[in-house]
Every structure is written in structure tokens, then in C-alpha cells.
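# Observations on chain architecture
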Amino acid sequence: MATTTAAIPVRSTRTYRPIWGWYAALVVLMAWGLAAWIYELHFGLSATGMRDVVSWGMYIFTFAFFIGLSAGGLIMASSAEVFGIKALKPLSRLGVLSAAACVTVAALMIIPDLGQPFRVINIFIHPNWSSPLIWDILIITVYFVFSVVDLYVLQRHATEPSRWRKGIRVLAFVGLPTAVLLHSITAWIFGLQIARSWWNTSLMAPLFVVSAVLSGTALVTLLALCAERWGKVELSEDTRRWLRGFIIVSLFVDLFFVGADYITVLWGNVPADRSALNLVMPGGPWAWLFWVEWIAGGVIPLAFLLVPRLKKMPGALGLASVLVIIGVYAFRIELVVIGFVNPLTQYPPGNAVGTYNAQTTSFQFIGRYHPTWVEYGIIVGLVALFAAIVTIGYRSLHVMEPSTAGGQHRVRAAVEGKASS
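Residues numbered from 1 in each chain as written. Predicted model: local features only at pLDDT ≥ 70, side-chain atom pairs only at ≥ 80, totals over all residues. Heavy atoms only, no water.

## Quick word on the overall build of the chain
When its secondary structure is counted, the chain shows 15 helices and two strands. Summed over all atoms, the accessible surface of the chain reaches about 21300 Å², with 68% contributed by carbon and sulfur. (Helix = DSSP H or I, 4+ residues; strand = E, 2+ residues; numbered from the N terminus. Areas by Shrake-Rupley, 256 points an atom, 1.4 Å probe, with all protein chains shown as cover.)

The following block contains the structure:
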């Protein structure tokens, strides 16, 4: 008589060695970021590349970038419910998880920019309600709490759909305007600065919102593709088509807004406006931002998403998403740094840099900014923290299931086949 033994699932070390190696790499990067922050606390903000002329640098444009990623993730997740896009509903929990992780990292990004972490208390003790900064702090706090609650309800809905259906619907309708408001307020930090013509435009808020949808969708797409590659889930073709469509439409609108702003400045030819734009136009010292934003982050991704032969290539959607994210980050650099490089006053002897160097003058007519290893270290550490939050959240919360990501018929067939055998 043949004996049968129960099949005991064996966890392959092949599966787990890479994940522990991934965790180890993230811990090393976070430790490097912590060491860089300790160094900055000891030596002050002089350890960074920021000076009196360019007083906002890598921390701020990365902060604005992560705010956009977080808003875009929640906008995409809420849109799936509000507009009934069934193909995107399997990615709702992943979008909200990425939104919560991004807004956490964005909030932490402000602390090293302040120089001393205890200064953040002054925002709450002595709030200036006429400043968009305090509005941004409040909406970030509300947004973080909302993301956590939304993720919790989505998790419960996965196990008890009938009980939590109404809550999902309500949160989706609240989440969409909340995400738009988050990025609009962040945009108004720049757009309401009357003295800086490079920022003072009514296009700032809609441009930030559409770039948030663009970069957030690209991020969720990348995370979903990573889950498909390493998490044994399968994205349906319909889901891929909607993700591709979201990126294409938002990229066209984003480039149109930026182009409209460029044309307005070029046509008006106001010296203060034109001098800033000349820095990023071809031939200017910051022209690499133009090429990264328009070519690497615009034309090339559109080619991979629209040209039939290119979009059928393996990895075309993932590559386009990476390039889109790089292009949006280039725009954030362009926005922040160029707004400071041209000082508001151009009278001799220039603007004080804030530090003394025996070899060069301590005054400048044109600002200079080069991030130091301290800024790179802290940013890399915070990006590693984001990756750790998403990885742990994905693995512990099971935000994507094979049955929801791939197609019900495949799972049903597998179950029926197992039952018949």
C-alpha cells in the first residue's frame, strides 16, 4: 500500500536571502543618513551647501518631490473608487501605503533643514497664520493621519467587504480633495512669494497637482511592477493600460503647463523673469535640468508609452516610470534652486554668502549651490527609510494579492484543479 505524505511548504532560502540582503542594505543606508545628520547637528548648517544666497536646497526640493509622490498615490487610489475604475482598485492599498510612506519621509525632511530639531516646536508655539508654511504643516499632519486610517479601512475591507464598503466610499471622496489640497498648499509656499517672480505665478498650484498625479502614478506603477517581479502577483493587461494612460495624460498636461509658463516669460521678456529662465534654457549654466525634464523625463517616456514597437518591449512601462520620476525631480530642483540663484538685489558689493573664505570673496552677485556629502547622506538615508516602510508594509499587510492583481479566472481555475485532484 502506497503511503502518502502531506506536502509541507518549504520556504526556500533563495527567496529569503535576497530580502534579508535588501534589509541589510537599507539599514546601512539609514545608518549613513543618521551619521550625516549627527555630523550636521555638531557643525550646524554650514556643513551643507546652503548659504545666505541659496538658503533652500536639497532638503526642500526633495521634500516637495515626496509630497507630490504621496499626493499622487492617494489621488490614484481614490480615483479608482470615486470614478469606478475597477482595473486600478487592486492597487488601492499599495497606493495608500506609498502615500503614507512618502508623507512620513517628507515630514522628516524638514527637520535637518531647520538645523536644530527643537526649532520645529516654535511652529506650534508661535504659529504665523499668514504664512503658508503653517498651513502645510497642518495639512501634512491631517494627510498622514488620513492615510493611516484609509489603509486600515482598506485592510479591513479586504477581509469584510460588506461591512466596510460604505467607509471605503466615504474615504475615497474625502481623500481626493485632501490630496489635491496637500499639494496646492505646498505649491502656495512658492507661488505666494510676491518678491520672487520665478515662483509668483497662478500656475504653481495646478502644476504641482498634475505633477503629483504624474509622479505618484509612476511610483505606484514601479512598486506594482516590483511586486509582480518579486512578489508573485500578476498585473492584468487592463491595469497596465490604465496606468499607462494615467501617465501619458498627466505627462502631456504637466509639460503643457511648464511650457505655458516658459512661453509667458519669453514673450513678456521681463528682465527679472527672463534672467531666471535663461539659467535653465539651453546654453545656461543649469541647462541640464531642461534636458532632463523635457527629453529624459518627457519625450523618451512618451515614446516608450506611445510607439507600438517600443511599448511592447519588456520593461518599457517600468523604464518610462523611472524616467518620469527623474524628470519631475529635475523640475523640483529647477523650481527651488533657480528661485534663489538670482538674488533679489544686484547692488555692489553683492549678497553676503554667510561664510568667510580667504581665497574668494564672501559676497556674490549670483548664488551657487552644490550639495555636500551631508545632504546626500541624509537624503539617501530617508529614501532608504521610505523603501523600508514600503517593503515591510507590503510584506506584513499583503497589500497586493494574486487573486486581485492577476485575474479571478486564473485563481478559480487553480482552485478547481486542486479540488478535482
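From this point, the narrative continues.
## Re helix H2 (residues 58–82)
In this model, H2 (25 residues) spans 36 Å end to end at C-alpha, consistent with the 36 Å of a helix rising 1.5 Å per residue. Of all 25 residues that make up H2, 25 are buried, and the element is covered over most of its length. (Expected span 1.5 Å × (residues − 1). Buried < 20%, exposed > 50% of the residue type's maximum accessible area, 1.4 Å probe, protein only.)

## Topic: the nonpolar core
The biggest cluster of nonpolar side chains holds 121 residues, and the ones touching the most others in it are Phe 66, Phe 190 and Met 400. It is H2 that contributes the most residues to this core, 17 residues altogether. (Core = buried A, V, L, I, M, F, W, Y, C linked by side-chain atoms within 4.5 Å.)

## As for the packing of aromatic side chains
The final tally for this structure, using the stated rule, is 20 aromatic pairs. Between Phe 190 and Phe 208 the ring centres are 6.0 Å apart and the planes differ by 40°, which places this aromatic pair in the tilted class. In this pair, Phe 190 is assigned in helix H6 (residues 161–191) and Phe 208 in helix H7 (residues 204–230), connecting sequence segments 18 residues apart. Taken as a pair, Phe 190 and Phe 208 share a single burial class, namely buried. Ring plane angle 45° and centroid distance 6.0 Å describe the contact between Phe 256 and Phe 257, whose orientation is recorded as tilted. Judged by relative accessible area, Phe 256 falls into the exposed class, the value being 56%. Exposure remark for Phe 257: the relative accessible area of 19% places this residue in the buried category. Through a chain of ring-to-ring contacts, three or more aromatic side chains come together here, namely Trp 56, Phe 190, Trp 199, Phe 208 and Phe 340. (Phe/Tyr/Trp six-rings, centres within 6.5 Å; stacked < 30°, edge-to-face > 60°.)

## Digging into the pattern of salt bridges
Note that side chains of opposite charge can pair when their charged atoms are close. Going through the model one piece at a time under the given rule, you end up with four salt bridges. With its nearest N and O atoms 4.0 Å apart, the salt bridge here joins Lys 89 to Glu 81. Given the relative accessible area of 31%, Lys 89 is considered partly exposed. By relative accessible area, which is 7% here, Glu 81 ends up buried. (Salt bridge = Lys/Arg side-chain N within 4 Å of Asp/Glu carboxyl O.)

## Details of the confidence of the model for the chain
Chain-level pLDDT for the chain is 84 on average; 86% of the residues reach the 70-or-more range. When the criterion is pLDDT under 50, residues 1–15 qualifies, and its contacts beyond four places in sequence or with other chains add up to two contacts. Confidence drops under a pLDDT of 50 for residues 403–421, and excluding neighbours within four residues, the segment shows 14 contacts in the predicted structure. (pLDDT = per-residue confidence, 0-100. Contact = heavy atoms within 4.5 Å.)

## What to know about the side chain of Asp 113
By the secondary structure assignment, Asp 113 is in helix H3 (residues 92–114). Apart from the residues within four sequence positions on either side, Asp 113 is in contact with Leu 45, Met 50, Tyr 59 and Ile 60.

## Description of the packing of helix H9 (residues 271–280) against helix H12 (residues 316–341)
Where H9 meets H12, the axes come as close as 10 Å, and the angle between the chain directions of the two elements is 125°. Looking at the two axes, H9 sits oblique to H12. Here H9 and H12 pass one another in a crossing that is right-handed. In this structure, H9 contributes Ala 276, Leu 279 and Val 280 to the contact, and H12 contributes Glu 334, Ile 338 and Val 341. Its residues assigned to classes, the contact of H9 with H12 shows five nonpolar, no polar and one charged. (Axes fitted to C-alpha atoms, helices over the stretch in contact; angles between N-to-C directions. Parallel < 35°, antiparallel > 145°, perpendicular 65-115°, else oblique. Left-handed = near helix turned anticlockwise from the far one by under 90°. Nonpolar A, V, L, I, M, F, W, Y, C, P; charged D, E, K, R; others polar.)

## What to know about helix H10 (residues 287–306)
Over its 20 residues, H10 runs 27 Å from end to end, which matches the ideal 28 Å to within 8%, given 1.5 Å per residue. Taken residue by residue, H10 has Ala 287, Leu 289, Phe 290, Glu 293, Trp 294, Gly 297, Gly 298, Pro 301, Leu 302, Phe 304 and Leu 305 as its buried positions. Residues of H10 that are buried sit in contact with helix H8 (237–268), H9, helix H11 (308–311) and H12.

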